[in-house]
2 protein chains.
Amino acid sequence: MSLYRRSFLAAALLGAARAHNIRRLSRCQALVYANHGDPSRVIQLKNVDLRPVGPKDVLVKILAAPINPSDINMIQGTYAILPELPAVGGNEGVAQVVEAGGRVASLQIGDWVIPRDAGSGTWRTAAVFDEDDVIAVPRDIPLLAAATLGVNPCTALRMLADFEHLQPGDSLIQNAANSGVGQAVIQIAAARGIDTINVLRDRPQFARLSDRLKALGASHVIKEDALRRPDLEELFKTCPKPKLALNAVGGKSATELLRHLQVGGTMVTYGGMSKQPVAVPTSALIFKDVKVRGFWVTRWKRQHSNGAVRATLAELCALLRQGKLSAPACAEVPLSDYRRALDAAAQPFAAAKQILIT
Amino acid sequence: MSLYRRSFLAAALLGAARAHNIRRLSRCQALVYANHGDPSRVIQLKNVDLRPVGPKDVLVKILAAPINPSDINMIQGTYAILPELPAVGGNEGVAQVVEAGGRVASLQIGDWVIPRDAGSGTWRTAAVFDEDDVIAVPRDIPLLAAATLGVNPCTALRMLADFEHLQPGDSLIQNAANSGVGQAVIQIAAARGIDTINVLRDRPQFARLSDRLKALGASHVIKEDALRRPDLEELFKTCPKPKLALNAVGGKSATELLRHLQVGGTMVTYGGMSKQPVAVPTSALIFKDVKVRGFWVTRWKRQHSNGAVRATLAELCALLRQGKLSAPACAEVPLSDYRRALDAAAQPFAAAKQILIT
């Protein structure tokens, strides 16, 4: 933990303990955009007012908030849900309760919380949230893991659980295996004894990345063009054909995943980085009975109870405590350095997730 | 019923009644192919030996057997399952039991039967089948309906039942609405109070075909290019967005069906006439939660018990008796005129299903 963050936390806790004595926070700093467009052009760091803390509200200090690809798409105006403008960027992060309204029942000062839904605007130093719009997470997990728990690992766990009944010895195949979701898939699958076939675009230092994914538990790491070569059949002499394919790319990459799927298997699409549709041969649907589905963690959370969301988070926290799941590779950047973080997040083959530290 | 068939039936029944007295059939005529290729080139009418009738076998006279698109693909060698060659063409039809082995329990002489599975080779005058490879159908339904019951109407009924829970007032959209499956879908859906939006390629005498489909119960009949026009939204002011899309075409036509599907709806592909894959936008999968599936009645029958297959056939027979389902438009052609039938089946915009009468 950086000195910066340690001192911040100490101050936050001190503030929390004396919440009834100190002058209430009424303003905070936030990364705001008034128009959709290129994030590095439209995002500005501004002082913004906080609404008064109502009886069912909590005032929180944001501790850490990641930059996810969907955050960028939301600012660009290309995402499925868009906030009213002006808006604060960011949809995920971990915050600490520093003040609680008189009728708040489920949260206490000092608790760590994460947003329940997308659209909360987490790139800021503090916020007032309705109690029901946040969910408590335990404070014994690493801060960066808490900051990145609600989107990518939730997506990974639900995709592993909700489409095919995977048992130890079964396999799955995924592209974009180095994404935040991809890394979580590798680890959760490994914890369950499920083999993973991980597909990456060729890139500088491929071998190093491959080693890193194998250290996380990846069974096989292959380059995208190897999917089209007959020698992949060698791999399937020792590894069963996958029941599940996870697709964050679309286009040819998705078609290749489909080609290797077991009869009756499912491909779940959760991203479309290539901006190409998924081309599904009709014979794969009719004769191979492949199922082509999609997953969006925001919809999943909206369609499920708090209890179901909490159960998923608890499962992930248990894996974190057991050392079977870790946060993705992260680069911590102070909120004030947001331009650097946004630029780094826009690079192809980004090696680390950018985390804004406030 | 033609004179030809009436006299044939009388002879068959007479033969059945005297089965123990008359000389057993040991040969029949059949449409045989020794190589894959263009059906009109590789198919020949030949005399072939019948195997002896074993204790669990039945000897049947084939009464009527359709030419389905999948029969053509099987002869061409492009289908998912191919018989050992030389083979007899045809996978569907109705036959009458004229002799039963001593241990046959479920069938009696005179019963009408249809094949349980694909690959039985129905384009012939007679055959010996294992009792378990055929299923009895009632004799109070029209002969042409019995001959075409096991593939297209079964496909239609299962696609309506097994993917989305459709209730009266719901709607579905389908392309190739004039196909054998399409006509059965229109009728079964109408019987259940489900609106159908039926898409056809533009063609000569479109209005006449549209009227015919509406007489079967089609709620809406539209040309394919209307799917891309905004005025289709007019239709959706009175008709709910479809929960189910049935696709026998692929390519752009399938993408257009997907575009009109309700959030969370399913597209089921059962044919690929355009020979183009189904292009699925990743956003439709992720944000609209559309499910893309396939259906193959042969697999369905193989994966289900005789009881389940019989229940489906019984449901279809009940609709036939109630006048809510009829055989598709058929052209009856004597087996010896098979070249004419094969040529007619290969025409685009075929107005009638070719039925070989033996």
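Data block above holds the structure.
Residues numbered from 1 in each chain as written. Chains lettered and ligands numbered in written order. Predicted model: local features only at pLDDT ≥ 70, side-chain atom pairs only at ≥ 80, totals over all residues. Heavy atoms only, no water.

(A) Representation of the relation of the copies chain B and chain A. For the pair chain B and chain A, the best superposition has an RMSD of 0.0 Å and corresponds to a rotation of 180 degrees with a translation of 0.0 Å parallel to the axis. In symmetry terms, the pair is related by a two-fold rotation axis. Of all interface residues in chain B, 100% are interface residues in chain A too; the two copies therefore contact each other through one and the same surface. (Least-squares fit on C-alpha atoms with pLDDT ≥ 70 in both. Contact = heavy atoms within 4.5 Å.)

(B) Layout of the side chain of Arg203 of chain A. Residue and element names in this part refer to chain A. As for its placement among the helices and strands, Arg203 is situated in the loop between β10 (195-200) and α7 (206-216). This buried residue, Arg203, is left without a salt bridge; Asp202 holds the nearest opposite charge, at 6.8 Å. Polar side-chain contacts of Arg203 include one of 3.2 Å to the backbone oxygen of Arg201. Setting aside its immediate chain neighbours within four residues, Arg203 contacts Asn178, Leu209 and Phe349. (Helix = DSSP H or I, 4+ residues; strand = E, 2+ residues; numbered from the N terminus. Buried < 20%, exposed > 50% of the residue type's maximum accessible area, 1.4 Å probe, protein only. Lys, Arg positive; Asp, Glu negative; His and termini not counted. Salt bridge = Lys/Arg side-chain N within 4 Å of Asp/Glu carboxyl O. Polar contact = N/O pair within 3.5 Å; in protein donor to acceptor, adjacent residues only side chain to side chain.)

(C) Main features of the packing of aromatic side chains. Applying the stated criterion to the full structure yields eight aromatic pairs over all chains. With centroids separated by 5.2 Å and ring planes inclined at 80 degrees, the aromatic side chains of Tyr79 of chain A and Phe287 of chain B adopt a geometry described as edge-to-face. Placement of the pair is Tyr79 of chain A in the loop between α3 (69-76) and β4 (87-88) and Phe287 of chain B in the loop between α10 (282-286) and β15 (291-294), with the two residues belonging to separate chains. Overall, Phe287 of chain B belongs to the partly exposed group, its relative accessible area being 25%. With 4.7 Å between their ring centres and 90 degrees between their planes, Phe287 of chain A and Trp296 of chain B make a pair best called edge-to-face. Highlighted residues: Phe287 of chain A in the loop between α10 (282-286) and β15 (291-294) and Trp296 of chain B in the loop between β15 and α11 (297-303), drawn from two different chains. (Phe/Tyr/Trp six-rings, centres within 6.5 Å; stacked < 30°, edge-to-face > 60°.)

(D) Geometry of unusual backbone geometry. A cis geometry characterises the amide bond from Leu85 of chain A onward to Pro86 of chain A, with omega recorded as -5 degrees. Considering the arrangement of structural elements, one finds Pro86 of chain A in the loop between α3 and β4. Backbone geometry places Lys275 of chain A, a non-glycine residue, at a positive phi of 60 degrees. If you trace the backbone, Lys275 of chain A turns up in the loop between β13 (266-269) and β14 (278-280). Using a relative accessible area of 72% as the deciding quantity, one classes Lys275 of chain A as exposed. With a phi angle near 60 degrees, Gln205 of chain B is a residue other than glycine that sits in the positive phi range. Relative to the helices and strands, Gln205 of chain B is located in the loop between β10 (195-200) and α7 (206-216). By relative accessible area, Gln205 of chain B is classed as exposed at 53%.

Everything listed is a geometric property; what it means functionally is a separate question.
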